[in-house]
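Each chain, written out:
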Amino acid sequence: MTDEITLEERLAKELAGRLLGCTDDIAGEDEGDDETLAELERMRDVADKAYAALSDLALHCHNRREDVAWGIARRAAEDAHALATFVGDWIEDMEDED
């Protein structure tokens, strides 16, 4: 068995890292701020796109029987979906307050 990381594993880890990095930029901002709402909408769009891309990557890995990469991509896709849902709910709450 080799310790080399496959392309699929590298892509899955990189995409997951980018997605997780998106949340740091807005954590301390005022919830009522229009700029915060715009940033949340952008973050939701990124999470939606990441979910679609990671789902495709997971399917590709599964088809190639790359079990480790499939697991990484699948979990990252689940996290992206959860993040998009969470941010979507957050946006709705902010819009309801207005």
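Residue positions within a chain follow its written sequence, with the count starting from 1. This being a predicted model, a pLDDT of at least 70 is required before a residue's local features are given, and a value of 80 or more before pairs of side-chain atoms are given or counted; all residues contribute to the totals for chains, interfaces and linings. Excluded from the side-chain calculations are hydrogens and water; all other atoms, namely the structure's heavy atoms, are used.

Draft legend 1. Focus on the overall build of the protein chain. We count a stretch as a helix when DSSP gives it H or I for four or more residues in a row; a strand needs E for two or more, and each element gets its number in order from the N terminus. Looking only at helices and strands, the protein chain features three helices and zero strands. Any residue under 20% of the maximum accessible area for its type is buried, any over 50% is exposed, and the rest in between are partly exposed; the area is computed with a 1.4 Å probe on protein chains only. By residue count, 32% of the 98 residues in the protein chain fall in the buried class. The contact rule is simple, with two residues in contact once any of their heavy atoms fall within 4.5 Å. Look at the contacts in the protein chain between residues 6 or more apart in sequence, and 73% of them connect residues 24 or more apart. For the protein chain, the exposed area adds up to about 6,600 Å²; of that, 49% sits on carbon and sulfur atoms. For accessible areas, the Shrake-Rupley method is used with a probe of radius 1.4 Å. Any residue's cover is judged against the shown protein chains and nothing else.

Draft legend 2. Spatial organisation of a negative patch on the surface. Candidate patch residues must exceed 30% relative accessible area and have no salt bridge, after which like charges are joined if within 9 Å and Val, Leu, Ile, Met, Phe, Trp or Tyr side chains if within 5 Å. Every case where a carboxyl oxygen of Asp or Glu lies within 4 Å of a side-chain nitrogen of Lys or Arg is listed as a salt bridge. Charged-residue counts in this description rest on Lys and Arg as positive and Asp and Glu as negative, His and the chain ends being excluded. The atoms used to mark charge sites are NZ of Lys, CZ of Arg, CG of Asp and CD of Glu. A surface patch of like charges, here negative, comprises D89, E92, D93, E95, D96 and E97. Looking at the secondary structure, you find D93 in helix α3 (residues 67-97). Residue classification places D93 among the partly exposed residues on the basis of a relative accessible area of 47%.

Draft legend 3. Quick look at the environment of A76. Along the chain, A76 turns up in helix α3. Taking the C-alpha atoms as reference points, A76 and A50, separated by 26 residues in sequence, lie 8.7 Å from one another.

Draft legend 4. Summary view of the nonpolar core. Within the largest apolar cluster, 10 residues are counted, these being A50, L54, L57, A58, C61, A69, A73, A76, A77 and A80. Listing elements by their share of this core, those giving two or more residues are α2 (34-63) and α3. The next biggest cluster of nonpolar side chains, apart from the first, holds nine residues, and it includes A47, A84, V87 and M94. Buried Ala, Val, Leu, Ile, Met, Phe, Trp, Tyr and Cys residues that are joined via side-chain atoms within 4.5 Å together make up what is termed a nonpolar core.

Draft legend 5. Looking closely at the pattern of salt bridges. In this structure the tally under the stated criterion is two salt bridges. A salt bridge links E39 to R42, with the shortest nitrogen-to-oxygen separation between them at 2.7 Å. Here the residue E39 and the residue R42 both occupy positions in helix α2, the gap between them amounting to three residues, near one helical turn. Given a relative accessible area of 38%, R42 falls into the partly exposed group.

Draft legend 6. Representation of the confidence of the model for the protein chain within the structure. A residue's pLDDT is the confidence the predictor assigns to it, expressed on a 0 to 100 scale. Averaged over every residue, the pLDDT of the protein chain is 76; the share at 70 or more is 66%. Helix α1 (residues 7-21) is the least confidently modelled element of the protein chain, averaging 61 in pLDDT, while α2 averages 87, the highest of any element. Note on residues 23-27: pLDDT under 50 across the span, and seven contacts to partners over four residues away in sequence or across chains.

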